[in-house]
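Chain by chain, the residues run as shown.
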Amino acid sequence: MATQKTSNDYREERKARLAKASKMNSKKSHRLSAPKISKKVKATVGIIVAAAIVIAIAGYACYVFGVFERMKSFETVSGEKYSVVEYEYYYKSLHNQVYGMAYEYDNYYGQGYGYSYTGYDYNKLPEDQTYPYDDYALEDGSKATWKQYFEHAAIVNLQKNIVLSDMAKEADFEVSAEAKAEVEDQLQQLRDSIAESAEQNGGAISLGKYLRNYYGKGMSESKFLEIVERETLATEYANYLIETRADGYDLAKLEEIYNKDPKSYNCVDFRMFTISPETADLAEDATDEEKEAANEKAEAEAKKKADEMFGKIEDEKTFVALAEEYATEAQKESNDYSDSQTTLSRYVTYSTVSSNFSEDILDWLYGDKAAVNEKKMFEENGTYYIFYMLKPAYRDDDTLPVNVRHILYQIDEEATDKEAESKKQKAAAEAALKKINESADKLATFLELVEAESADTGSSSKGGLYEYVGRGQYVKEFEEWALDPNRKEGDIDIVETSYGFHVMYFEKAFTKPYWQISIGNTLANESLTKELEAAYATDKYAVAANNATVTKANAKIYDELKNTYYSKA
């Protein structure tokens, strides 16, 4: 007997995963890992044929190592030169990010989710699909293709980093020591990844060759480092400008923006439980009619179950008890429904759940009609969402968010001896804490241990940093330590949670509630964007129209992408 997955199964799996990733379940502290993009990089290598052997040897060396590519450049209106190699870097980086994200979502959540989340179909050529978003259109106002968007965005990203880095240099702004270390780490991680791939698949490859395969023949290790260092300077300076500008808006301005769209900044407290059709066990040779009949039966049973549970809910206490009673074995494997915290979501902002719920659900949660202790049920594609409202939409003026870092020593859930595993991870955390406290530079030692030992891969690349930590987002013990009003900058301690042991480092406490910070950041971001757009239009940074070098580069890059990623399209 084989289990046949229906679209409802994929929906339920998706909702469960997204609920965890969105920190809706209070037992979830943070994302512990991120999907990994495939390390396999396809590339084509051209061959030059020359008449003279001497010329052929020299020419081939220049071709392979990108000497000619690095010499190419295209000019701005004023004659300033941009490197074609750097342009190709931004083009391919964006394409590969979008392609990889769509591919990974499909493989993680199920076919079709990549497109629904990114608007990109990796099975189609970029020129054969429309760019679906409103941030870019052609000059005549018509929709662009993804190919046209990649070409546009590559220029803009190149311009943005050049403008910002120029602004930073003029302001004598210097990159932080942490950011410099991250650049060095990025190169080292690439080398480690290449070495790991060589060990698994056989055949060593140099970093230079890897970069040429991935970004184009003109790329070298030194050029890559130059680009990344400029990106780092630009990013840090942009963040600095946004942070300083965001703090400059008065409360009246923030209130004005809030009142225009309170939904985007309000919170809600509720309980939620989902009921979905359970997968039927069918034979591998089951007919379409048998599958359809099984699906219809499962959907009918789910509706009956949802109606039954909903009718029994009298108050919050009965909701908690009924969730434990009606949870399937699969749900119980993921969550402990005997714990009253499992169905509870507090301080939930609109942005946290907007991608998970339908407009009907969002309108009820964040509208002005929901009442305290009201129960509500919604059906979406066969899944039933049962809610119990604890506190309708409100603005959190009391919680002051914080920034914290952590090193996670995770308890292996598959360990046969959980007690021994817990002792092992506790000892590792205690050893790390001792090493940090005995160090002359505690933060530097902390950051070294994050990279070397933290099981939280989602934050380890950022030095274990979690920004704007507020209420209702993290596991209870993690949150209580971080939001302790007596916490001081530089405090270090061990916190035990259901995930394991966290070596915590308190970095910063904010003086404003998150809604004010969020609006300030938005206004500052809009201000900087307008400033950059004005700079892009100046002679110094604007690329001459119908630039032949850019047109030629676009054709070359696109041909490479077609042969590498879309050979079956």
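Notes on the structure follow. Model, not experiment: these values are computed from the prediction.

Thoughts on the pattern of salt bridges
Stage number 1. Taken as a whole and judged by the stated rule, the model has 26 salt bridges.
Stage number 2. Put simply, lysine 512 and aspartate 247 hold a salt bridge, and the shortest N to O gap is 3.4 Å. Note that lysine 512 is positioned in the loop between β12 (500-509) and α20 (514-536) and aspartate 247 in the loop between α9 (221-246) and α10 (251-260), a separation of 265 residues in sequence.
Stage number 3. The exposure class assigned to aspartate 247 is exposed, which follows from its relative accessible area of 55%.
Stage number 4. For glutamate 438, the salt bridge identified is with lysine 434, shortest N-O distance 2.7 Å.

Examining the side chain of histidine 95
Stage number 1. Locating histidine 95 in the fold gives a position in helix α4 (residues 84-109).
Stage number 2. Excluding residues within four positions of it along the chain, histidine 95 makes contact with Tyr120, Phe150, Leu561, Tyr565 and Tyr566.

Comments concerning the packing of aromatic side chains
Stage number 1. Applying the stated criterion across every chain yields a total of 47 aromatic pairs.
Stage number 2. When the centroid spacing of 4.9 Å and the interplanar angle of 85° are considered together, the rings of tyrosine 120 and tryptophan 146 count as edge-to-face. On the criterion of sequence distance, the pair formed by tyrosine 120 in the loop between α5 (113-118) and α6 (146-170) and tryptophan 146 in helix α6 is long-range, its members being 26 residues apart. The two residues tyrosine 120 and tryptophan 146 agree in class, both being buried.
Stage number 3. A ring pair is formed by phenylalanine 357 and tyrosine 385, whose centres lie 6.0 Å apart and whose planes are at 80°; its orientation type is edge-to-face. Separated by 28 residues along the polypeptide, phenylalanine 357 in the loop between α14 (350-353) and α15 (359-366) and tyrosine 385 in strand β8 (residues 383-394) bring together distant segments of the chain.

Observations concerning the environment of serine 459
Stage number 1. Structurally, serine 459 can be placed in helix α18 (residues 457-460).
Stage number 2. In this structure, serine 459 is in contact with His406, Gly464, Leu465 and Tyr466, ignoring residues within four places of it in sequence.

Some remarks on α4
Stage number 1. A rise of 1.5 Å per residue sets the reference length of α4, with its 26 residues, at 38 Å; its end C-alpha atoms lie 37 Å apart and thus fit the reference within 8%.
Stage number 2. Where burial is concerned, most of α4 is hidden: 19 out of the 26 residues are buried.
Stage number 3. One side-chain oxygen of the residue at the start of α4 lies 3.1 Å from the amide nitrogen of valine 85, identifying that residue as serine 83.
Stage number 4. Immediately beyond the C-terminal end of α4, within one or two residues, lies glycine 110, with a positive phi of roughly 130°.

Re the pairing of β8
Stage number 1. Burial of β8 is extensive: 9 of the 12 residues sit out of reach of the surface.
Stage number 2. Strand direction decides the pairing type here: strand β4 (residues 267-275) and β8, joined by 8 bridges, are antiparallel. Each residue of the ladder has a partner; that of aspartate 269, found in β8, is lysine 391.
Stage number 3. Looking at chain direction, strand β7 (residues 375-380) and β8 are connected through 6 bridges and run antiparallel. Bridging across to β8, methionine 377 finds its partner in isoleucine 386.
Stage number 4. Taking the residues between adjacent antiparallel strands as the criterion, β7 and β8 are bridged by 2 residues, where asparagine 381 takes a positive phi near 50°.

Topic: the nonpolar core
In a soluble, globular protein the nonpolar side chains are often hidden away together inside.
Stage number 1. Tyr87, Tyr120 and Phe224 are the most contacted members of the largest nonpolar core, which totals 64 residues.
Stage number 2. Of all the secondary structure elements, the ones that give two or more residues to this core are α4, α6, α7 (177-201), α8 (207-215), α9, α20 and α21 (548-565).
Stage number 3. Setting aside its immediate chain neighbours within four residues, tyrosine 120 contacts His95, Val98, Tyr99, Ala102, Gly114, Tyr115, Pro126, Gln129, Trp146, Phe150 and Tyr566.

A word on a negative patch on the surface
Stage number 1. Negative charge collects at one region of the surface, where Glu284, Asp285, Asp288, Glu289, Glu290, Glu292, Glu296, Glu299 and Glu379 lie side by side.
Stage number 2. Among the elements that make up the negative patch, the one with the highest residue count is helix α11 (residues 288-312) (6 residues).
Stage number 3. Locating glutamate 379 in the fold gives a position in strand β7.
Stage number 4. For glutamate 379, a relative accessible area of 47% puts it in the partly exposed group.

With respect to the sheet that holds strand β11 (residues 492-497)
Either a parallel or an antiparallel arrangement is found when strands of a sheet pair, and the pairing is made through backbone hydrogen bonds.
Stage number 1. Strand order in this open sheet of 4 strands is β10-β9-β12-β11, and the pairing throughout is antiparallel. On the outer flanks of this sheet lie β10 (465-469) and β11, each paired with one strand and no other. On average, each strand axis in the sheet is inclined to that of its neighbour by 35°, with strand direction left out of account.
Stage number 2. Note: strand β9 (residues 402-410) against β12, 9 bridges, orientation antiparallel. By the bridge assignment for β12, asparagine 403 is matched with lysine 508.
Stage number 3. Of the strands in this sheet, β9, β11 and β12 are in contact with helix α17 (residues 442-453), which crosses β9 at around 45°.

The rules behind each value
- Residues numbered from 1 in each chain as written.
- Predicted model: local features only at pLDDT ≥ 70, side-chain atom pairs only at ≥ 80, totals over all residues.
- Heavy atoms only, no water.
- Salt bridge = Lys/Arg side-chain N within 4 Å of Asp/Glu carboxyl O.
- Helix = DSSP H or I, 4+ residues; strand = E, 2+ residues; numbered from the N terminus.
- Buried < 20%, exposed > 50% of the residue type's maximum accessible area, 1.4 Å probe, protein only.
- Contact = heavy atoms within 4.5 Å.
- Phe/Tyr/Trp six-rings, centres within 6.5 Å; stacked < 30°, edge-to-face > 60°.
- Expected span 1.5 Å × (residues − 1).
- Polar contact = N/O pair within 3.5 Å; in protein donor to acceptor, adjacent residues only side chain to side chain.
- Pairing = 2+ DSSP bridges.
- Core = buried A, V, L, I, M, F, W, Y, C linked by side-chain atoms within 4.5 Å.
- Patch = residues over 30% accessible without salt bridge, like charges linked within 9 Å, V, L, I, M, F, W, Y side chains within 5 Å.
- Areas by Shrake-Rupley, 256 points an atom, 1.4 Å probe, with all protein chains shown as cover.
- Lys, Arg positive; Asp, Glu negative; His and termini not counted.
- Charge placed at Lys NZ, Arg CZ, Asp CG, Glu CD.
- Axes fitted to C-alpha atoms, helices over the stretch in contact; angles between N-to-C directions.

Note that every value here comes from positions in space, so none of it alone points to a role or purpose.
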